[in-house]
Amino acid sequence: MGGRVRPDPCNPAGVCLRGIFIVSERVLQTTTLPARDDATATRWSGAEDRAMSEAIRGAKKSRSSTHPNPRVGALVLRGGETVGRGHHERAGGPHAETLALDAAGDAARGATLVVTLEPCCHVGRTPPCTEAIVRAGIRRVVVGMIDPNPLVNGRGVSRLREAGIEVVIGAREEECRALNPAYLKWRATGLPRVTLKSMVSLDGRVATASGESRGLGGPEEQRLVHRLRAESDAVLIGVGTAVQDDPLLTVRLVRVANEPWRVVLDSALRTPLDSRLVQTAAEAPLVIATTSGDAARAHDYASRGVTVWTFEEDADGRVPLEPLLRRLAEEGKLELLVEGGPTVHTSFLRAGLADQVAVGIAPILLGGASAPTWTGDLGRSALADGIEVGPLELRRLGKDVWLMGAIAARNGGPHV
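I will try to describe carefully the structure that is included in this document.

Each value, and the rule that gives it
- Residues numbered from 1 in each chain as written.
- Predicted model: local features only at pLDDT ≥ 70, side-chain atom pairs only at ≥ 80, totals over all residues.
- Heavy atoms only, no water.
- Salt bridge = Lys/Arg side-chain N within 4 Å of Asp/Glu carboxyl O.
- Helix = DSSP H or I, 4+ residues; strand = E, 2+ residues; numbered from the N terminus.
- Buried < 20%, exposed > 50% of the residue type's maximum accessible area, 1.4 Å probe, protein only.
- Axes fitted to C-alpha atoms, helices over the stretch in contact; angles between N-to-C directions.
- Parallel < 35°, antiparallel > 145°, perpendicular 65-115°, else oblique.
- Left-handed = near helix turned anticlockwise from the far one by under 90°.
- Contact = heavy atoms within 4.5 Å.
- Nonpolar A, V, L, I, M, F, W, Y, C, P; charged D, E, K, R; others polar.
- Pairing = 2+ DSSP bridges.

**Points about the pattern of salt bridges**
- Following the criterion strictly, the structure yields 15 salt bridges and no others.
- As a salt-bridge pair, arginine 43 and glutamate 166 come within 3.3 Å of each other at their nearest N and O atoms. Of this pair, arginine 43 sits in the loop between helix H1 (25-30) and helix H2 (46-60) while glutamate 166 sits in strand E5 (residues 166-169), placing them 123 residues apart in sequence.
- Classification of arginine 43 as partly exposed rests on a relative accessible area of 40%.
- A salt bridge links glutamate 335 to arginine 193; its shortest N-O distance comes to 3.1 Å.

Next comes the structure, spelled out in structure tokens:
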């Protein structure tokens, strides 16, 4: 991974990783959050707590438009009343703090700023928020959580305190963390957050014995899948799905700020040139990840607007998943939706690279000894060795049931 971290991240010549997201693997592995000042952790008022709740709701408005940047919300309080609010709306755009301060105008002087994430203190595509806060004359800042960005990570708070501004940390911290699970996963590991999506019958089949699967989920489930795509940076399938189903993998049933990248695991470059994926590469980005050295075939794809990434094969002769994920993260693709079939899902689970599952269950029994299930052999023979999922979120979608839950990490702890 490229990118170089400057010795003084608060120097105005530094690089803002809210907008530019390449950072050395060494920094990702060694950066840790500073210890929270527990003496100040609960020193926020009821008005500030309510303001943080509103800031969190504001941050949620930018559900899919800030990637790979974190979602952030901010409010300016004066006398317990909101005089300015803002949320980070899109990558490269003004930060939440700046928007809230601009909305408050002169009323910001002597007021309190409530913000879900520690303000940045360095120059990137936008000026440092700490300097805007100081210039505005803010007296007090209530921060939901420290930003694990190695160019911030407590330095924003330190800059504000040096300027004589009172700073309180930890208001509704868990809710603030829940705003940006992919961002936090990447900061901790250098990897994107991975969701495995599948639609199954009541007896766990993803298709009939003959391979028929279209129509297994109802219209409500289809809309939810398109919303998941819209909230993702990339959607991944295996070449088997590409050949058999000829999917588009685009977002069509909901609005989206940017089409997610479409990624195909294709070790031997078997994706048909006349497939809908390849034919629409100019409209929606398509990446084919391969281990093939067939330069002529790769050129055929490239001439149609397809990006081909070549990797050294793994022990099974396939595209190695972790290097692929790291490359996607380097490209700012921090939220990955895996829609592949049983082979792909099994590979992610066996490698411990999945963070959550999203499974729709249709009220139909398919049977068939050879009908595929949504995972294959996970290499776990004992009940105690099973992969734990939960807590589960359950909802009804028309006639279907939809389940989502976090996957336990390989070491038995939760994913970041």
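There is more to say after this.
**Thoughts on helix H12 (residues 321-330)**
- All buried positions along H12 are accounted for by Leu321, Leu324, Leu325, Arg326, Leu328 and Ala329.
- Of the residues trailing H12, glycine 332 is marked for its positive phi of about 85 degrees.

**Quick word on the packing of helix H4 (residues 129-136) against helix H5 (residues 155-162)**
- Closest axis-to-axis distance for the H4/H5 pair is 10 Å, and the angle between their directions is 25 degrees. As far as their axial angle goes, H5 and H4 are roughly parallel. The chirality of how H4 crosses H5 is right-handed. Where H4 approaches H5, its residues Thr130, Glu131, Ile133 and Val134 are matched on the opposing element by Gly156, Arg159 and Leu160.
- Grouping the constituent residues of the contact of H4 with H5 by class yields 3 nonpolar, 2 polar and 2 charged.

**Points about the pairing of strand E12 (residues 356-362)**
- Along E12, 6 of the 7 residues are buried, which leaves the element largely enclosed by surrounding structure.
- The pairing of strand E6 (residues 193-201) with E12 spans 7 bridges and is parallel. Pairing of valine 200 across the sheet is with isoleucine 361, part of E12.
- Sheet analysis places E12 next to strand E14 (residues 400-407), joined by 6 bridges and oriented antiparallel. Along E14, the bridge assignment pairs valine 357 with glycine 405.

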